[in-house]
Amino acid sequence: EDEGTVTIVVTEPHVENTTYSIKYKKSKANLFSYEYAYTGDYQTFIAPTSGIYKLEAWGAQGGNQTDAQGGKGGYTSGTIALDGGETLYVYVGGKGTSQPKSTTGYTPAGGWNGGARGYVVRTDCAQQAASGGGATDFRLEKGAWNSMYSLQNRVMVAAGGGGAFQEW
């Protein structure tokens, strides 16, 4: 996937016939899956009931170059106990960006949620260096993606992929 993605799976059977205002789909009996896509801002998940929740996250891909692909984002999964009404903040990473051909210096900004900028040093040959993809993570406190308080309250992180580099 180019952008990061998140899946939250609810395994409590007594939520089967409940309708929620966030996107959901019934993936099998007594199991609901909530999916989040990249938006460039944090999103919220409010636990519909107390229970154990499975979290899955994929980091965003690094930026591509003409003949080189950025690295795929990392994957992580785990479970967390949440009380009904408790909120998780979901930060879905954005894809890295490419650098114009034969340009030196920093690439455009990295993918949203911490993707690093690439850098081209040499001026005597043609190079391209794309920026990295942004991480995808879950937090117990909201804030700007780079807010120290919010970052200190992350419970799971899937790293973004590295940006592609090309020389010709």
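Let me begin by describing the structure that accompanies this report.

About the cut-offs
Residues numbered from 1 in each chain as written. Predicted model: local features only at pLDDT ≥ 70, side-chain atom pairs only at ≥ 80, totals over all residues. Heavy atoms only, no water. Helix = DSSP H or I, 4+ residues; strand = E, 2+ residues; numbered from the N terminus. Buried < 20%, exposed > 50% of the residue type's maximum accessible area, 1.4 Å probe, protein only. Contact = heavy atoms within 4.5 Å. Areas by Shrake-Rupley, 256 points an atom, 1.4 Å probe, with all protein chains shown as cover. Pairing = 2+ DSSP bridges. Axes fitted to C-alpha atoms, helices over the stretch in contact; angles between N-to-C directions. Polar contact = N/O pair within 3.5 Å; in protein donor to acceptor, adjacent residues only side chain to side chain. Core = buried A, V, L, I, M, F, W, Y, C linked by side-chain atoms within 4.5 Å. Salt bridge = Lys/Arg side-chain N within 4 Å of Asp/Glu carboxyl O. Phe/Tyr/Trp six-rings, centres within 6.5 Å; stacked < 30°, edge-to-face > 60°. Lys NZ or Arg CZ within 6 Å of the ring centre and 35° of its normal.

Let's shift gears to the overall build of the protein. When helices and strands are counted, the protein shows one helix and 13 strands. A total of 168 residues make up the protein; the buried ones form 43% of that total. Residue pairs at least 24 apart in sequence account for 64% of intrachain contacts in the protein once pairs closer than 6 positions are excluded. Accessible surface computed for the protein: about 8400 Å², of which carbon and sulfur atoms make up 49%.

As summarised here, the arrangement of the four strands in space is S4-S7-S11-S12, forming an open sheet in which the pairing is antiparallel. Each edge of the sheet is formed by a strand with only one pairing partner; in this case those strands are strand S4 (43-46) and strand S12 (154-158). Each strand of the sheet is rotated relative to its neighbour by a mean of 20 degrees, with strand direction disregarded. As paired elements, strand S7 (residues 87-91) and strand S11 (residues 136-139) share three bridges and run antiparallel to each other. Counted as the bridge partner of Tyr91 is Asp137 from S11.

The next point concerns the side chain of Gln166. Here Gln166 is to be found in strand S13 (residues 165-167). Here Thr66 takes part through its backbone nitrogen, which lies 3.3 Å from a polar atom of the side chain of Gln166. Among the polar contacts made by the side chain of Gln166, one reaches the main-chain amide nitrogen of Asp67 at a distance of 2.8 Å.

Here Tyr34 lies in strand S3 (residues 31-36). Residue Tyr34 is classed as buried on the basis of its relative accessible area of 1%.

What follows concerns unusual backbone geometry. The phi angle at Asn113 is positive, at roughly 85 degrees, despite the residue not being glycine. For Asn113, the location among the structural elements is in the loop between strand S8 (105-106) and strand S9 (119-120).

Right, let's talk about the nonpolar core for a bit. If you look at soluble globular proteins, the nonpolar side chains tend to sit buried side by side. Judged by nonpolar contacts, the single largest core of 15 residues is most densely connected at Phe45, Leu82 and Phe138. Elements with a contribution of two residues or more to this core: S3, strand S5 (51-58), strand S6 (75-82), S7 and S12. For this core, the element with the highest residue contribution is S5, accounting for three residues. Aside from chain neighbours lying at most four places away, what touches Leu82 is Phe45, Ala47, Thr49, Ser50, Gly51, Tyr53 and Leu88.

For the structure on display, the rule yields one salt bridge. The residue Arg139 makes a salt bridge to Asp137 at a minimum N-O spacing of 2.6 Å. Asp137 carries the same exposure label as Arg139, and that label is buried.

In this section: the environment of Lys95. Counting through the fold element by element, Lys95 comes out in the loop between S7 and S8. C-alpha of Lys95 to C-alpha of Gly132: the two residues are 37 residues apart in sequence and 7.3 Å apart in space.

This part takes up the packing of aromatic side chains. Per the counting criterion, the structure on display carries six aromatic pairs. Relative to Tyr89, the ring of Tyr42 lies with its centre 5.7 Å away and its plane at 85 degrees, an arrangement referred to as edge-to-face. Note that Tyr42 is positioned in the loop between S3 and S4 and Tyr89 in strand S7, a separation of 47 residues in sequence. On the basis of relative accessibility, which here comes to 27%, the residue Tyr42 falls in the partly exposed class. Overall, the relative accessible area of 13% leaves Tyr89 in the buried class. Aromatic side chains Phe45 and Tyr53 sit 5.7 Å apart centroid to centroid with 70 degrees between the ring planes, which places their arrangement in the edge-to-face category. For the pair Phe45 and Tyr53, one class covers both residues: buried. Through a chain of ring-to-ring contacts, the aromatic side chains of Tyr42, Tyr89, Tyr91 and Trp112 assemble into a single cluster. Sitting over the face of the ring of Tyr91, Arg139 holds its NZ or CZ atom 3.7 Å from the ring centroid.

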